[in-house]
Amino acid sequence: MTAVQTGDAAVPRFPHWRQRSDSWREANLYQVKDDRLLIDNDEDIALDRVDEVRFSFAPGPLGHTGFAVQIVRANAPSITFTSLRWHLLVQFSRDDPRYRAFTLALAAAVSRSAPHARFFAGKSMSAWLADVATLTLIFCVFAVAAFQSLEYGWDWLCAAGLALAPPSVVPFMRGAMRNFPRPLPRGHVPAGLVPSDGAD
């Protein structure tokens, strides 16, 4: 897995982020300008139609820290921006300062343009409960395997299972704790769900 710290070749004028809408397409350029979200300079979205902004923890493979912000609009598809940008199956890039600046600008623009918009931290309740169910299932699998190993006298297998449990469970626990659903004050960007000011 290769992580690349990268910047965009041609830097646009406004807070921006590049992201693919589909894995086979070129990355789209999103820019926050006043009360609009510009897309590749030939399309824009009125931010006063945003109903919901949701920040979440979205880790990548092998424990790489990642974040996501989603804007939900009435009668239109939602858009999710993620801090990890995939290029190949084994390579991704990240630009935490730029993602942070884009996220802060997006939240501020929605707060100004859409006083009715609601801000949330974490996943939706249904998605969070699904994560908790997955975490519980993992615990149960390890517990049953350890119990059966001891029952059959396979102490070495029990020890191996207990050694493998923390790296398997801890990422799910971190995600579940950070993604507990909770409302936010309008325009607030929660610490811990966006890259920090320093290196993440």
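If you're wondering where the values come from, they're calculated on a predicted model, not measured in any experiment.

Enquirer: Got a minute to help me understand the packing of aromatic side chains in this structure?
Expert: For any two aromatic rings, the description comes down to two numbers: the centre-to-centre distance and the angle of the planes. Counted by the stated rule, this structure contains 5 aromatic pairs. Taking 5.2 Å as the distance between ring centres and 70° as the angle between the ring planes, the aromatic pair formed by Trp17 and Tyr99 counts as edge-to-face. Taken together, the residues span a long stretch of sequence, with Trp17 in strand 2 (residues 16-19) and Tyr99 in helix 1 (residues 96-113) at a distance of 82 residues. Among the residues examined, Trp17 registers a relative accessible area of 0% and is labelled buried. Between Trp128 and Phe180, the aromatic rings sit 5.0 Å apart at their centres with planes inclined by 85°, giving edge-to-face as the arrangement. Taken together, the residues span a long stretch of sequence, with Trp128 in helix 2 (residues 125-151) and Phe180 in the loop between helix 3 (155-178) and strand 12 (182-184) at a distance of 52 residues. With a relative accessible area of 16%, Trp128 lands in the buried category. Residue class for Phe180 comes out partly exposed when judged on its relative accessible area of 39%. Of the aromatic side chains, those joined through ring pairs into one cluster are Tyr30, Phe81 and Phe102. The ring of Phe57 is capped by Arg178, whose NZ or CZ atom sits 4.3 Å from the centre of that ring.

Enquirer: Could you clarify how one ought to interpret the sheet that holds strand 6 (residues 50-57) in this entry?
Expert: Each strand in a sheet pairs with another by means of backbone hydrogen bonds, the pair being arranged parallel or else antiparallel. Reading across the sheet, the 5 strands line up as 8-7-6-11-12 and stay open at both edges, with mixed pairing between neighbours. Across the chains shown, the open sheet's two edge strands, defined by having one partner strand only, are strand 8 (79-82) and strand 12. The mean angle between the axes of side-by-side strands here comes to 25°, regardless of whether they run parallel or antiparallel. Here strand 7 (residues 67-73) runs beside strand 8; their pairing, made up of 4 bridges, is antiparallel. When the bridges of strand 8 are listed, Gln70 appears paired with Thr80. Each of strand 6, strand 7, strand 8 and strand 11 (118-121) touches helix 1; the most contacted strand, strand 7, lies at about 25° to it.

Enquirer: I tried to follow the environment of Ala127 on my own but got confused; where do I start?
Expert: Its place among the elements puts Ala127 in helix 2. Sequence separation between Ala127 and Pro181 is 54 residues; the distance between their C-alpha atoms is 9.4 Å.

Enquirer: In this structure, what is going on with the side chain of Ser83? I would like to understand it.
Expert: Of note, Ser83 is situated in the loop between strand 8 and strand 9 (84-88). Separated by 2.8 Å, the side chain of Ser83 and the backbone nitrogen of Phe67 make a polar contact. Contact partners of Ser83, with chain neighbours within four places excluded, come to Trp17, Gly66, Phe67, Ser93, Arg94 and Tyr99.

Enquirer: Honestly, the sheet that holds strand 2 in this entry has me stumped. Any pointers?
Expert: Spatial strand order, 2-3-4-5: 4 strands in an open sheet with antiparallel pairing. Edge strands, defined here as strands with exactly one partner in the open sheet, are strand 2 and strand 5 (43-46). In this sheet, neighbouring strand axes are inclined to one another by 20° on average, regardless of whether the strands run parallel or antiparallel. Here 4 bridges tie strand 4 (residues 36-39) to strand 5, and the two strands are oriented antiparallel to one another. The residue bridging Leu38 from the neighbouring strand is Asp44, located in strand 5.

Enquirer: What's the story with the environment of Leu129 in this structure? I'm lost.
Expert: Its place among the elements puts Leu129 in helix 2. Overall, Leu129 belongs to the partly exposed group, its relative accessible area being 46%. Each C-alpha atom of the pair Leu129 and Pro181 lies 9.9 Å from the other, and the pair is 52 residues apart in sequence.

What counts as what
- Residues numbered from 1 in each chain as written.
- Predicted model: local features only at pLDDT ≥ 70, side-chain atom pairs only at ≥ 80, totals over all residues.
- Heavy atoms only, no water.
- Phe/Tyr/Trp six-rings, centres within 6.5 Å; stacked < 30°, edge-to-face > 60°.
- Helix = DSSP H or I, 4+ residues; strand = E, 2+ residues; numbered from the N terminus.
- Buried < 20%, exposed > 50% of the residue type's maximum accessible area, 1.4 Å probe, protein only.
- Lys NZ or Arg CZ within 6 Å of the ring centre and 35° of its normal.
- Pairing = 2+ DSSP bridges.
- Axes fitted to C-alpha atoms, helices over the stretch in contact; angles between N-to-C directions.
- Contact = heavy atoms within 4.5 Å.
- Polar contact = N/O pair within 3.5 Å; in protein donor to acceptor, adjacent residues only side chain to side chain.

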